[in-house]
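# A closer look at the structure
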Amino acid sequence: MKYVLRRLLFYVIAAWASVTLAFFIPRMMPGDPTSTMFARFKGKLDPAALDDLRAAFGFTDGTLLEQYGVYLGNVLRGELGISIEYYPATVSSVIGNALVWTLVLAGVAVVISFTLGTLGGVLAAWRRGGWLDSTLPPLFVLLGAFPYFWLAMALLFVLGFQLELFPLGHAYDDRIAPEASWAFFSSVVGHAVLPAATIVLATMGAWMLDMRNTMIAVMGEDYIKLAVAKGLSPRRVMLRYAARNALLPNVTSFGMALGFVVSGSILTEIVFSYPGQGYLLLQAVQSQDYPLMQGLFLTITLAVLGANLLVDVAYAWLDPRTRQG
Amino acid sequence: MSDALLTVEDLCVDYVTERGWLRVVDKVSFEVQPGEIMGLAGESGSGKSTIIQAILRVLKAPGVITGGTVRFDGKDVLALDKRGLRGLRWCDISLVCQSAMNALNPVITIGEQLGDAIEAHEGVRRSQALVRARELLELVGIEGSRVHAYAHELSGGMRQRVVIAMALALRPRLVLMDEPTTALDVVVQKEILQQIIRLRRELGFAVIFITHDLSLMFELCTHVGVLYAGRLVEHAPSQALFERPMHPYTLGLMRSFPDLHGEGDDLVGVPGNPPDLWKPPKGCRFHPRCPQAFADCSTRAPQLRALVGHRHAACHLVDQVDQLDQLDQLDQVDQEESP
Amino acid sequence: MDALLSNRKALFGGAIMVTFLLMALVGPCFVQDPKGFVGLPLQPPSLDHWLGTTGQGQDVLAQTVAGARSSLSIGLIVGFSVVAIGALVGTTAGYFGGWVDDVLSTVINVFLIMPGLPLMVVLAAYLPPGPGSIALVLILTGWSWSARVVRSQALSLRRKDFVAAAQVAGERPLRIIAVEILPNMTSLLVSAFIGATNYAIAAQVGLEFLGLGEVSAVTWGTNLYWATNDAALLTGSWWTFVPTGLAVALVSFSLVLINTALDELGNPRLRSERAFVQALGLRAISPDEPTPVVRRPS
């Protein structure tokens, strides 16, 4: 419990740091990007609305500290301003709509990739130098060397455009109403296969190598030797003794790598025109929609922090030493 | 002696490395009778642990068994396949690791670790195995309710007892103990040793006990073997060895005592360091450190020879003269040496 | 160095890397003008244009070769800076310990946990587009990883006897760090540099693919940006994105290979294990395998 609380404190600090970073970045930049930003609103907004927006971003006449206070209050209330591209929708509502898709896609893909990769690492390490160990890791290192979005392009090109096995983009078929129907559900799954496969292919190797290396370290421990000496079945020694212990450090690195994976999945979304955070991010970049960009930065960062908290809870639950400590 | 429980004959073990094959255990032979405690002593690197791990065939890379035989109750252990070994392991021979700290899996309960061997070998259900695990804990003086505890919740002494309880789970006939008390403080050490003696009396298993603390060994063992640089240099009933060591190295070991940490690598009684096994000294491997070495020692390796009273020693001093004269001579040397 | 040359992974990885470095240095002299309109747009590979032409009628081969220069140089510069900052922060945290370490570790972990791309995007969007901005953004978002590795190494080196000896001798902390600690983590720094360079190349390509670089420059990232903008997938012109992607992957793969090889060389256990497997003609090592019995005369 103490462990989880300590981690919780860290996440509060991290969240505060990212929110503060988002506040200072526009104010520290060379030139005057904020006026450029508001200049883009002119013509779209009446002066009163523009003032509201300034206030929402904390660009008031007050001192920097006062501005910061206003901004923090807004963020805490979930007010991230108004999107330029999707005017007059608020940034929060635009992001909210897209968040579900990213969570589902990245979430499912990451879980599959971590599970498969970890299992592969366990098996490769158990028979070190065996055929599995000498084929899979190099193959996945090679795959991992390609940029995610390039793998996405290649998969989409071959399986989507050339062989026409998969839809070419979007989260579901436009002709199907988004409702709780079998047709809609299967369409969503069909559209998610390629983007998810891309993320799995690109990230699996890293989990596998990590797990393989921690497995090898764990397999040098005395309790493994003792488990073998006990005449237990190889499966039990491998899973209950070696893998169960090797999983712990791997869960930690899983949390650490989440941010990286999310970044990659964002680029993957772009290739598949998948209506998630990545797609929004591209829109925001192309139309220089600064409020949306910052909103996305905050949302994605906080989501990653939240996911890390979950990982920590899982860790605490997996490791009896922290469970009781 | 065909009634021996374990017969090790001319056992050789090599480490296979980039530099080549390194002989770390060289033609070691000994027997263990049912119910006896046999001790193996020697500095670190002398091959003690390697020998007992080789007996169970759990010695890891780079270790390879390169010669000799190991018979347990007539079974040729070196000829067994994986399946046969699983049948031998724990049912017949069990192991107590050097450090109880690392011998227990930190993420599963000790009850599960005590029980899983029973489950695996006797095919009983988990609940039943857990009942047995409780009994085992009580056998070594730990409350049965601690089956739900994890290793980190126990003190060092308790952990070591758990490991001993684990080794007795299937009532094996031979327990291999690799320095089971090294990491513990003196008081706990005493308790554990007494427990081992009591358990052996009650359950009647035989033990191979490894330590570099000879005084401890005399207290515990019926027979003691002394290893130097992978070779057995002396082997005798413990009482006889205590009263009259035949090999100068044994004498040195007896005069030294382990340091406070129980590591005891610096042997006060034997100046110098154990030899580099890549370039072992010619002749007797101990001669560069031997206070009684003479010309023959650096050219000819002494063989382990049977002497009166079931004793064996590998030393030219013993070979040279008639056995009884030799004992007198050793006595004199002894007196000259000690102030 | 001899050992390095006898390692297949190191040799292979090094060969790829040297090829690409040469390509980046002198390659542009041998190919057509990468920006020039040299043929019909979206032509498949032919004798005139070995790798075809882009949607703007530029030569793909020329663009791939020219892209290597900017992508590799930014990668190396960022890799170096990231390790330099990481070494500075990491050794400070690890050596001084106490509250200094607490504060710095928290900062390191905050940066480590933040997803890089959104932060990069926000930063890059405000900065004027160009290689300098990209490098700055990559350094800001990338230093924490190397700081973390360096810190844990510094933490363990601090407890070593030679550091204690220097402290007792009254050496100043700065000197101890520079003379005693940093030289003892050379191999770690080298591998961190290789890893950081790899990260920098990949992240740069990603940012430029988003259109956050200078889109008129020729780099591997902008090549891919233009390929999608010119509907490479829709028109089936695979040659506009395959060469650049392969180039990025080859460079990244070679860096990983070199790092793995360095790791193997620095790990004697791994080497002796290989010797063991070869000498015994085993197929694999497993905890489950009984100690082998090989009868052999002494």
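Scoring rules and cut-offs
Residues numbered from 1 in each chain as written. Chains lettered and ligands numbered in written order. Predicted model: local features only at pLDDT ≥ 70, side-chain atom pairs only at ≥ 80, totals over all residues. Heavy atoms only, no water. Core = buried A, V, L, I, M, F, W, Y, C linked by side-chain atoms within 4.5 Å. Buried < 20%, exposed > 50% of the residue type's maximum accessible area, 1.4 Å probe, protein only. Helix = DSSP H or I, 4+ residues; strand = E, 2+ residues; numbered from the N terminus. Salt bridge = Lys/Arg side-chain N within 4 Å of Asp/Glu carboxyl O. UniProt positions renumbered as here; feature names shortened; annotations may be inferred. Contact = heavy atoms within 4.5 Å. Buried area = accessible area lost by both parts, 1.4 Å probe. Polar contact = N/O pair within 3.5 Å; in protein donor to acceptor, adjacent residues only side chain to side chain. Nonpolar A, V, L, I, M, F, W, Y, C, P; charged D, E, K, R; others polar. Pairing = 2+ DSSP bridges. Axes fitted to C-alpha atoms, helices over the stretch in contact; angles between N-to-C directions.

## Quick notes on the nonpolar core
Residues B:F30, B:I208 and B:F209 are the most contacted members of the largest nonpolar core, which totals 270 residues. Counting residues per element, this core draws most heavily on helix 10 (residues 234-271) of chain A, which supplies 16 residues. If you look at the next biggest cluster of nonpolar residues, it comprises six residues, including B:M246, B:L307, B:A313 and B:L317.

## Describing the pattern of salt bridges
In the structure shown here, the tally under the stated rule is 32 salt bridges over all chains. The residue A:R321 makes a salt bridge to A:D319 at a minimum N-O spacing of 3.0 Å. We classify A:D319 as buried; its relative accessible area is 4%. Note that B:R23 is salt-bridged to B:D14, the shortest N-O span being 2.5 Å. Taking the relative accessible area as the measure of exposure, B:D14 reaches 2% and is therefore buried.

## Let's talk about the UniProt feature "domain: ABC transmembrane type-1" (unreviewed entry) in chain A
Within the UniProt annotation, "domain: ABC transmembrane type-1" (unreviewed entry) is assigned to residues 99-311 of chain A. Across residues 99-311 of chain A, the secondary structure splits into 81% helix and 0% strand, with the terminal C-alpha atoms separated by 20 Å.

## Some details on the interface of chain C and chain B
Across the boundary between the two partners, chain C contributes 18 residues, which contact 21 residues of chain B. For the chain C and chain B pair, buried surface summed over both sides reaches about 1,800 Å², with 56% attributable to carbon and sulfur atoms. Measuring nitrogen to oxygen at the nearest pair gives 3.2 Å for the salt bridge that ties B:K82 to C:E289. One can count seven residue pairs in polar contact (both at pLDDT 80 or more) joining chain C with chain B. Of the residues assigned to the side of chain C that touches chain B, the class counts are ten nonpolar, three polar and five charged.

## So, the sheet that holds strand 2 (residues 20-32) of chain B
One open sheet holds the four strands; their spatial order is 2-1-4-5 (chain B), and the pairing between them is antiparallel. In this open sheet, the two edge strands, each paired with only one partner strand, are strand 2 and strand 5 (75-76) of chain B. Where strand 1 (residues 6-17) of chain B lies against strand 2 of chain B, nine bridges are found, and the strand directions are antiparallel. When the bridges of strand 2 of chain B are listed, B:T17 appears paired with B:G20. On top of the sheet, helix 1 (residues 48-55) of chain B reaches strand 1, strand 2 and strand 4 (63-72) of chain B; it is set at about 110 degrees to strand 1 of chain B, its chief contact. In the packing of helix 12 (residues 268-280) of chain C onto the sheet, contacts are made with strand 1, strand 2 and strand 4 of chain B, and the angle to strand 1 of chain B comes to roughly 115 degrees.

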